[in-house]
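# Inside the fold
One-letter residues, chain by chain:
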Amino acid sequence: MSTFDYDIAIIGLGPAGSNLARMLPNSYRTIALDKGFCEKSIKKPCGGLLSEAAQKCLAKLDIHIPSDVLVSPQILSVQVLDINTRRKRRYMRPYINLDRDKFDRYLISLIPSSVEIRLGAWVSQIKELEEGFMVSYHADGETRTFTTKYIVGADGANSFVRRTFFKNHKIRSYVAIQQWFTDTDKPYFSAVYDKKTSDACSWSIHKDGYFIYGGAFKPNDCRRQFEIQKLRAAQRLCMPLESPIKTEACMVLRPKSPAEVCLGASSGVFLIGEAAGYISPSSFEGISFALDSSRVLAEAFLDKSDSLSIFKYYKAHTSHLRFKIFLRLLRCPFMFRQFLRSLVLMSGFTSIE
Ligand SMILES: Cc1cc2nc3c(=O)[nH]c(=O)nc-3n(C[C@H](O)[C@H](O)[C@H](O)COP(=O)(O)OP(=O)(O)OC[C@H]3O[C@@H](n4cnc5c(N)ncnc54)[C@H](O)[C@@H]3O)c2cc1C
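Residues numbered from 1 in each chain as written. Predicted model: local features only at pLDDT ≥ 70, side-chain atom pairs only at ≥ 80, totals over all residues. Heavy atoms only, no water.

Attention now moves to the domain arrangement of the chain. Domain assignment breaks the chain into domain 1 (6-51 + 100-169 + 257-330) and domain 2 (68-99 + 172-254). Taking only C-alpha atoms, the centre of domain 1 and the centre of domain 2 are 28 Å apart. Residue-level contacts link 23 residues of domain 1 with 25 residues of domain 2. Contact with domain 2 buries area across many residues of domain 1, yet P45, L49 and F284 alone supply 31% of it, more than any other trio. Here domain 1 and domain 2 share zero salt bridges between them. Our count for the domain 1 to domain 2 interface comes out at 12 residue pairs in polar contact (both at pLDDT 80 or more). Going through the elements one at a time, β3 (49-50) and α3 (100-109) are the ones with two or more residues in the side of domain 1 that touches domain 2. A per-element tally of the side of domain 1 that touches domain 2 places α3 first, with five residues. Here the side of domain 1 that touches domain 2 is built from residues that sort into 10 nonpolar, seven polar and six charged. (Domains from an automatic or database assignment. Contact = heavy atoms within 4.5 Å. Buried area = accessible area lost by both parts, 1.4 Å probe. Salt bridge = Lys/Arg side-chain N within 4 Å of Asp/Glu carboxyl O. Polar contact = N/O pair within 3.5 Å; in protein donor to acceptor, adjacent residues only side chain to side chain. Helix = DSSP H or I, 4+ residues; strand = E, 2+ residues; numbered from the N terminus. Nonpolar A, V, L, I, M, F, W, Y, C, P; charged D, E, K, R; others polar.)

The subject of this paragraph is helix α1 (residues 15-23). Counting buried positions along α1 gives seven out of nine residues, so the element sits mostly inside the fold. Three or more residues of α1 are buried, namely P15, A16, G17, S18, N19, L20 and A21. Buried residues belonging to α1 abut β1 (6-11), α3, β9 (142-153) and α6 (287-303). (Buried < 20%, exposed > 50% of the residue type's maximum accessible area, 1.4 Å probe, protein only.)

Turning our attention to α3. The set of residues buried in α3 consists of R100, D101, F103, D104, L107 and I108. The arc that holds the buried residues of α3, viewed along the axis, is 165°, so those residues lie on one side. Looking at where α3 begins, the residue whose side-chain oxygen comes 3.1 Å from the main-chain nitrogen of D101 is D99. (Arc of directions from axis to C-beta.)

Counting buried residues along strand β13 (residues 210-217), seven of its eight residues qualify, which places the element largely inside the surrounding structure. Two strands pair when backbone bridges link them, and strand β12 (residues 202-207) and β13 are joined in this way by six bridges, in the antiparallel orientation. By the bridge assignment for β13, S204 is matched with Y213. Linking β12 to β13, which pair antiparallel, is a turn of two residues; within it D208 sits at a positive phi near 40°. (Pairing = 2+ DSSP bridges.)

To continue, consider the site of the ligand. Near the ligand you find 37 residues, and of these D34, K44, L49, R100 and E274 are the closest. The contact in question runs from a nitrogen atom of the ligand to an N or O atom on the backbone of G47, over 2.9 Å. Between a nitrogen atom of the ligand and a main-chain N or O atom of V123, the distance comes to 3.0 Å. At the level of secondary structure, the elements contributing two or more residues to the shell around the ligand comprise α1, β7 (122-128), β10 (173-181), β14 (246-253) and α6. Split into classes, the residues belonging to the shell around the ligand amount to 21 nonpolar, nine polar and seven charged. Inspection of the shell around the ligand shows a minimum of three residues originating in each of domain 1 (6-51 + 100-169 + 257-330) and domain 2 (68-99 + 172-254). (Near = heavy atom within 4 Å.)

Next up on the list: the packing of aromatic side chains. Between two aromatic rings, the relevant description is the distance of the centres plus the angle of the planes. Going through the model one piece at a time under the given rule, you end up with 15 aromatic pairs. Ring geometry for Y150 and F301: centres 5.3 Å apart, planes at 65°, overall edge-to-face. Linking Y150 in strand β9 with F301 in helix α6, this pair joins segments that are 151 residues apart in sequence. Exposure remark for F301: the relative accessible area of 1% places this residue in the buried category. Seen in terms of ring centroids, Y278 and F289 are 6.4 Å apart; in terms of plane orientation they differ by 15°. Their pairing is stacked. Here Y278 is found in the loop between β16 (269-271) and α6, whereas its partner F289 is found in helix α6, with 11 residues between them in sequence. F289 sits in the buried class, given a relative accessible area of 0%. (Phe/Tyr/Trp six-rings, centres within 6.5 Å; stacked < 30°, edge-to-face > 60°.)

Quick look at the structure:
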């Protein structure tokens, strides 16, 4: 008999944590905690678009999306807009447009009853013991603790697990800010570039009658740069960006190289999804990375029985995700350097116009 309360503790139930909890063999005693998904919790800021890569991951996992998770319209193309040159091009890109909170809750609903789920449970301390870990969390006004053999950090960009065990490991981070408006003019989905205010891309998306405008900015002076960009987008691209009804902001990672990805350690701490730094540095698409990295870790737990072998399996079988980050970084100059971007937009290469 194991002396631990649980074999595996999953911290965070976004797409990465939920998918892992769903896939783990029930021979493991698993607990999964998330500080959100309760009455008072704040919803995660997100574009809520499922890229083709994420759709492929869901198909592989045999997960299908119920219609009440979808929002209108479903998106078939993206318009690329350059604020500086006012150039526009449209590219075919089929996205599934969904309500991110409902999508996350749907994934949680797929977790089998063998996993103990604690929602509204904020993990505040993890101590490494001689063997295993002791986890403390706050829920319902109380602090509770338990012991576990393995810890999985699936707790997103600002991962508490990563900050606890890998203090010196830095992953480049930005601040994502997005605002909701009631105007519903076109374009339905656009990727916006403005070298004056950010070296990352911004976006506009329609969702059930709302228009969302957002972008990622370097942490210093992010709010001011967002406001300047909005003014420029309104003036130069005629975007309807007055009187927002809601403003959301959070940290988003943008790895500078695949080496910035932090997978955990052979001591029994593993990181998956954005907590590990798995996210596209060009488009901030992160759901496919979350689903894929969690699938591989579940397979590692199924196939191996000690922490070193699990870690090695996880590292080896997620090399394609680090390679994907490398490829996205190669694409960055064509998206973010004004001269190259202008060439691409002028050429119309792969555009549908
Ligand atoms: C503004 C914005 C727009 C985006 N748009 C898209 C998009 O359209 N498509 C796309 O594919 N990706 C998008 N992304 C990226 C995507 O949201 C993430 O990469 C993805 O959610 C990562 O999934 P995850 O499960 O790793 O982490 P998350 O989804 O971030 O989940 C982490 C979970 O951990 C919980 N948690 C955190 N700390 C604790 C703690 N201490 N105790 C307990 N629980 C904790 C949180 O409540 C959360 O539920 C966007 C990101 C941002 C910021």
